[in-house]
Amino acid sequence: SAWVACPIAGHAQTVSEKMQAAAADYRQQDWAQAKQKFTQVIAESPASPGTVAAWFYLAEAEHQLKNWEGAKSGYQNFLLLAQDHPHRELARFRLVELAYLTGSSDAVQLAEGFLKAWPESSRRGEVLGFLGQLRLIRTEPELAERVELYECRRRARPDSKSGGRSARRIYRRQPDARNCW
């Protein structure tokens, strides 16, 4: 295992120990700390096998911090290095999701590529939803706006789970619903 300089005199920290420390921050959802530590692991031990996973978790931390470009870069680097990693499918899904969220011109191509690579994925429904929205936006932008408005209002309607809360109360709780009115 590769050794990394440690701030404590006389103690060198392995890449594995650095990864464990970064993973602890990740599990505690301290995204900024996790990002910093995963970045450090990658910078200090680029050839280490542990670096492959560090790229994935760095991308996930960036995703949580809504740093879309950093997340995209991390997922892409992870996919270049991880040919048989169990998180490949999730990384590819995240790239589709990011392309959809940012309106990237390659979003349709990424979604179709995901569906071809993982036809039985549990994320298939989400990707099909992204793909449908993207195709609708491209072919019928006016209809896409009406569908978005309908979905927004549908989410804000009181139902049995909401205990009869009014749409206005739900609006206050869901800032993304403010485009409904």
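In this report, the structure presented in the accompanying data block is examined. Values in this document were obtained by computation on a predicted structure and should not be read as measured data.

Attention shifts here to the nonpolar core. Side chains of a nonpolar character, in soluble globular proteins, are inclined to be buried together. In this structure, Met-19, Phe-38, Tyr-75, Phe-78 and Val-127 are the most contacted members of the largest nonpolar core, which totals 38 residues. Counting only elements with at least two residues in this core, the list comes to helix H1 (15–27), helix H2 (31–44), helix H3 (50–64), helix H4 (68–81), helix H5 (88–102), helix H6 (107–117) and helix H7 (124–139). Per-element accounting of this core gives the leading share, eight residues, to H3. Setting aside chain neighbours within four positions, we find Phe-38 in contact with Met-19, Ala-22, Ala-23, Tyr-26, Ala-54, Tyr-57 and Leu-58.

All right, on to H1 then. The periodicity of an α-helix, 3.6 residues per turn, causes residues three or four places apart in sequence to face the same way. For H1, spanning 13 residues, the distance from its first C-alpha to its last is 18 Å, which sits close to the expected 18 Å at 1.5 Å a residue. Here H1 has its buried residues at Val-15, Lys-18, Met-19, Ala-22, Asp-25 and Tyr-26. Viewed along the axis of H1, the buried residues span an arc of 120 degrees, placing them on a single side of the element. Seen from the buried face of H1, the exposed residues on the opposite side, beyond 90 degrees, are Gln-20 and Arg-27. Positive phi shows up at Gln-29, right after H1, with a value of about 60 degrees.

A packed helix pair is summarised by two numbers, namely the angle formed by the two axes and the spacing between the axes. Taken N-terminus to C-terminus, the directions of H5 and H6 make an angle of 155 degrees; their axes are 8 Å apart at the nearest point. Judged by the inter-axis angle, H5 sits roughly antiparallel to H6. Both H5 and H6 take part in a crossing whose hand is left-handed. Residues Glu-89, Arg-92, Phe-93, Leu-95, Val-96, Ala-99 and Tyr-100 of H5 form the contact with H6, whose participating residues are Ala-107, Leu-110, Ala-111, Gly-113, Phe-114 and Ala-117. Residue composition of the contact of H5 with H6, by class: 10 nonpolar, one polar and two charged.

Its identity is not glycine, yet Gln-29 carries a phi of approximately 60 degrees, on the positive side. In this structure, Gln-29 sits in the loop between H1 and H2. Here Gln-29 falls in the exposed class, since its relative accessible area comes to 55%. With phi around 60 degrees, Lys-66 is a residue other than glycine that occupies positive phi space. Position of Lys-66 among the secondary structure elements: in the loop between H3 and H4.

On to the environment of Leu-110, then. Relative to the assigned elements, Leu-110 resides in helix H6. C-alpha of Leu-110 to C-alpha of Val-127: the two residues are 17 residues apart in sequence and 9.6 Å apart in space. In contact with Leu-110, not counting residues within four places along its chain, are Leu-95, Val-96 and Ala-99.

All right, on to the packing of H3 against H5 then. Look at H3 against H5: their axes get within 11 Å of each other, and the N-to-C directions meet at 30 degrees. It follows that H3 is roughly parallel to H5 by the angle criterion. As H3 runs across H5, the sense of the crossing is left-handed. Along its contact with H3, which presents Phe-56, Glu-60 and His-63, the element H5 presents Leu-90, Ala-91, Arg-94, Glu-97 and Leu-98. Classifying every residue of the contact of H3 with H5 gives four nonpolar, one polar and three charged.

Parameters and conventions
- Counting restarts for each chain: residues are numbered from 1 in the order of the written sequence.
- Note on the predicted model: pLDDT of at least 70 is required for a residue's local features to be given, and 80 or more for side-chain atom pairs to be given and counted; whole-chain, interface and lining totals, by contrast, use all residues.
- Side-chain descriptors were evaluated using all non-hydrogen atoms of the structure, hydrogens and water having been removed beforehand.
- Buried Ala, Val, Leu, Ile, Met, Phe, Trp, Tyr and Cys residues form a nonpolar core when they are joined through side-chain atoms within 4.5 Å.
- Under the scheme applied here, a residue whose accessible area is under 20% of the maximum for its type counts as buried, over 50% as exposed, and between as partly exposed, the area being computed with a 1.4 Å probe on protein chains only.
- In DSSP terms, a helix is any run of H or I states spanning at least four residues, a strand is any run of E spanning at least two, and both are numbered starting from the N terminus.
- Contact criterion: two residues are considered in contact whenever any of their non-hydrogen atoms come within 4.5 Å of each other.
- For a helix, the expected span equals 1.5 Å multiplied by the number of residues minus one.
- Each direction from the helix axis to a C-beta atom contributes to the arc, which is the arc of those directions.
- Axis angles are defined between N-to-C directions and span 0 to 180 degrees, where every axis is a line fitted to C-alpha atoms and, for a helix, only to the segment in contact.
- An angle below 35 degrees is read as roughly parallel, one above 145 as roughly antiparallel, one from 65 to 115 as roughly perpendicular, and any other as oblique.
- Crossings are assigned a handedness: left-handed for a near helix turned anticlockwise from the far helix by less than a right angle, right-handed for a clockwise turn.
- Any residue that is not Ala, Val, Leu, Ile, Met, Phe, Trp, Tyr, Cys, Pro, Asp, Glu, Lys or Arg is counted as polar, Gly included; the first ten are nonpolar and the last four charged.

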